[in-house]
Amino acid sequence: MVKKVKRSARVEQAIEFAKKAHEGQTRRSGEPFINHPMAVMQIVEDWGMDEDTIVAAVLHDTVEDTGITLKDIKEQFGEQVAFLVDGMTKLSKISSNMNDIDTYLPNTKDNLLRLLVATGSDIRVLIIKLADRLHNLRTLSALPPDKQRRIAKESLEVFAPLADRLNMGRLRTEMSDIAFSYVNPKRYNELHDLIDEYCKSAEKTMQKIQKEISAALGREKIKFTISGRVKSVYSLHKKLIKHNQNMGEIYDLMALRIIVNDITDCYLTLGVIHSLYIPMDGRIKDYIAMPKMNGYQSLHTTVITKDKKIIEFQIRTREMHEFAERGLAASFYYNEQKLTENYRTGKIQHLPTSLLWITELQETAAKLKAGKKVNVKKLRLNLFADKIFVYTPKGDIIDLPKGSLPLDFAYRLHSEIGEHVIGVKINGKMSSLNTKLKHGDVVEILTSKNFTAKEGWLDKVFTSHARQKLRAQLARQGEVIRSKLPKRKPKTKKKS
Ligand code: MN
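Overview of the structure. As the structure is a computational prediction, the values presented were derived from the model and not from experiment.

Regarding the coordination of the manganese ion
Thinking step 1. Protein ligation of the manganese ion involves H36 (NE2), H60 (NE2), D61 (OD) and D132 (OD), the donor distances falling in the range 2.2 to 2.5 Å.
Thinking step 2. Every donor residue of the manganese ion comes from the same chain, spaced as H-x23-H-D-x70-D. One end of the pair, H60, is in the loop between α3 (51-59) and α4 (62-65); the other, D132, is in helix α7 (residues 123-138), with 72 residues separating them in the sequence. Both residues of the pair, H60 and D132, belong to the buried class.

Structural data, given as structure tokens:
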């Protein structure tokens, strides 16, 4: 949990400064305008951000909406704060139309990179922006319907995915649920009611299971806390689309979340659960050994209880939990000033490996902004959004472009593996070579020396890398075949 922040004299000074600057201004709802920057400041405070970010948050609308200049801010609160406020001012000018920054970066659809370029490549500006957007969503009812829809839609399309990429789970959930309630109120209410009803009907079962698990974990002397977590409306909506609106395939409407002290206890807890209930086939997910792309870690398992109820469990350590809820912001909290001093220069050393890409992104944005040439195609991050990560049976991570097929995976491992494919197992099941790979799939390639590449495979590869290797192999085969024909001379060079 976040410590209650005791405000420093500098933050108090910034609050007074903002109050004066916004004096007499009101929001559309009629309340004093200062309520907004105060709320934004409290949000970043709650996320555990550094002092410069907190100060910049309460000042974020001063330059745009009052007579205050950037110079004033710099004189009173320093260069860092001025830089962050300037980023927010620029961002508010472009965020109403994301296409405006096309001029900077015509080659990418990566919104995060675009925003970083536009704001001066400091991720903290985006964190303030996310807090700003969250508060605007919380108070969206005061705006006219057309503005409501525009802001809600943009939040779903740009800002909630951004929060997800930064693994800020709690923020993503709140943002997307509020936004969805404006974009599609009818569906929002339907699903909201459905979740409510389900929770009521499942309450007794959940309590019973919670008791059983608690007793069993107690016997194993595992220290833990357990709580129910309800699926958010928007994520249910998305999942239902994926499963053709079939509620029968949604097993995690309600889940039990167990938080333990360390990784060993995570696996022990998983064992305890599986000794009590029957795990469902193919529904154990080890995001501890294989974190999600945004760094999310947890063990998930879905089990069938003695009364034939299906329940999902999520098991994680406290640190993993904090990180899943607050993501990038959590790493500011853990590393405090040490981290933020180096943030601007891109010399971040204490970020979890899963978020190191942010450094790279910041550096790239800075280069682009400075007018330097960057090979956008080579940018790992630019491609990040279009990538999937799949795993070998041993747990090695292979990244491939979205749309890749099993043969792309095989050729990526080794062109010889590609050449002798006889089949593929995806997540333990025999699958066709036409199966599109999904993020997180475990892919096992079956080979035989007696089999060799076929011309028909040209339709079964997606990446140019695999296609190139395959073509070379087919060409070689062609030569071998031709060399066996009596009347044709082989193309191969004569040995001297
Ligand atoms: Mn604002």
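Observations concerning the nonpolar core
Thinking step 1. Counting 89 residues, the largest nonpolar core has W47, L59, L130, I213 and F313 as its most contacted members.
Thinking step 2. Broken down by element, this core gets its largest block of residues, ten residues, from helix α10 (residues 185-219).
Thinking step 3. Three or more residues apiece are contributed to this core by two domains, here domain 1 (9-181) and domain 2 (186-327).
Thinking step 4. Counting 21 residues, the second largest nonpolar core, distinct from the first, contains A410, V424, L437 and I445.

Some remarks on the pattern of salt bridges
Thinking step 1. According to the stated counting rule, one finds 19 salt bridges in the structure shown.
Thinking step 2. Put simply, E75 and K71 hold a salt bridge, and the shortest N to O gap is 3.7 Å. A residue pair is termed a helical-turn pair when its members lie 3 or 4 positions apart in one helix, as E75 and K71 do in helix α5 (residues 70-94) at four residues. Taken as a pair, E75 and K71 share a single burial class, namely exposed.
Thinking step 3. One connected set of salt bridges, linked through shared partners, spans R229, K231, K239 and D252.

Thoughts on a positive patch on the surface
Thinking step 1. A cluster of basic residues, K242, K285, K292 and K438, forms a positive patch on the protein surface.
Thinking step 2. Take K292: it is sitting in the loop between β4 (285-286) and β5 (299-304).

Things to note about the packing of aromatic side chains
Thinking step 1. Scanning the model with the defined rule gives five aromatic pairs in all.
Thinking step 2. Where Y287 meets Y296, the ring centres are 5.9 Å apart and the plane angle is 70 degrees; that geometry is what we call edge-to-face. Comparing Y287 with Y296, the two get one shared label, buried.
Thinking step 3. Members of the aromatic cluster, joined through ring pairs, are F180, Y188 and Y234.

Focus on the side chain of K239
Thinking step 1. Of note, K239 is situated in helix α11 (residues 233-242).
Thinking step 2. Look at K239 and you get buried, because its relative accessible area is 19%.

Section: α3
An α-helical segment advances 3.6 residues per turn. Residues three or four places apart therefore align on the same side.
Thinking step 1. Judged by how many residues are buried, α3 sits mostly within the fold: eight of nine residues are covered.
Thinking step 2. Every buried residue of α3 is accounted for by D52, T53, I54, V55, A56, A57, V58 and L59.

Digging into the pairing of strand β9 (residues 421-426)
Along a regular strand, successive side chains alternate from one face of the sheet to the other.
Thinking step 1. Sheet topology note: the β9/strand β11 (residues 443-447) ladder contains five bridges and is antiparallel. The residue of β11 that forms the bridge with V421 is T447.
Thinking step 2. Counting the residues that bridge the hairpin from β9 to strand β10 (residues 429-431) gives two residues, and of these N427 lies at a positive phi of roughly 50 degrees.

Focus: the sheet that holds β11
Across a sheet, paired strands are connected by hydrogen bonds in the backbone, their directions being either parallel or antiparallel.
Thinking step 1. Ordered by their spatial adjacency, three strands build an open sheet running β10-β9-β11, and the pairing between neighbours is antiparallel. Two strands close off the open sheet at either side, each with one partner strand: β10 and β11. Each strand of the sheet is rotated relative to its neighbour by a mean of 35 degrees, with strand direction disregarded.

A few points about helix α8 (residues 145-165)
Thinking step 1. In a regular helix each residue adds 1.5 Å, so 21 residues correspond to 30 Å; α8 covers 29 Å between its end C-alpha atoms and thus fits that length.
Thinking step 2. At S155, α8 shows its largest kink, close to 45 degrees.
Thinking step 3. Turning to α8, its buried residues number three or more, namely Q148, I151, A152, E154, S155, L156, V158, F159, A160, L162, A163 and R165.
Thinking step 4. One or two positions beyond α8, positive phi appears at N167, with a value near 60 degrees.

A look at the packing of helix α2 (residues 35-47) against α7
Packed helices, taken two at a time, are described by the angle their axes make and the gap between the axes.
Thinking step 1. Packing of α2 against α7 brings their axes to within 9 Å, and their N-to-C directions diverge by 125 degrees. As far as their axial angle goes, α7 and α2 are oblique. In the packing of α2 onto α7, the handedness of the crossing is right-handed. The segment α2 lies against α7, with N35, H36, A39, V40, I43, V44 and W47 engaging I127, I128, L130, A131, D132, L134, H135, N136 and R138.
Thinking step 2. Grouping the amino acids of the contact of α2 with α7 by side-chain chemistry returns ten nonpolar, four polar and two charged.

What counts, and at which threshold
Residues numbered from 1 in each chain as written. Predicted model: local features only at pLDDT ≥ 70, side-chain atom pairs only at ≥ 80, totals over all residues. Heavy atoms only, no water. Donors = N, O, S within 2.8 Å, 3.2 Å for Na, K, Ca; no water. Helix = DSSP H or I, 4+ residues; strand = E, 2+ residues; numbered from the N terminus. Buried < 20%, exposed > 50% of the residue type's maximum accessible area, 1.4 Å probe, protein only. Core = buried A, V, L, I, M, F, W, Y, C linked by side-chain atoms within 4.5 Å. Domains from an automatic or database assignment. Salt bridge = Lys/Arg side-chain N within 4 Å of Asp/Glu carboxyl O. Patch = residues over 30% accessible without salt bridge, like charges linked within 9 Å, V, L, I, M, F, W, Y side chains within 5 Å. Areas by Shrake-Rupley, 256 points an atom, 1.4 Å probe, with all protein chains shown as cover. Lys, Arg positive; Asp, Glu negative; His and termini not counted. Charge placed at Lys NZ, Arg CZ, Asp CG, Glu CD. Phe/Tyr/Trp six-rings, centres within 6.5 Å; stacked < 30°, edge-to-face > 60°. Pairing = 2+ DSSP bridges. Axes fitted to C-alpha atoms, helices over the stretch in contact; angles between N-to-C directions. Expected span 1.5 Å × (residues − 1). Bend = angle between axes of the 7 residues up to and from the residue. Parallel < 35°, antiparallel > 145°, perpendicular 65-115°, else oblique. Left-handed = near helix turned anticlockwise from the far one by under 90°. Contact = heavy atoms within 4.5 Å. Nonpolar A, V, L, I, M, F, W, Y, C, P; charged D, E, K, R; others polar.

Without other data, these values stay purely geometric and don't point to any function.
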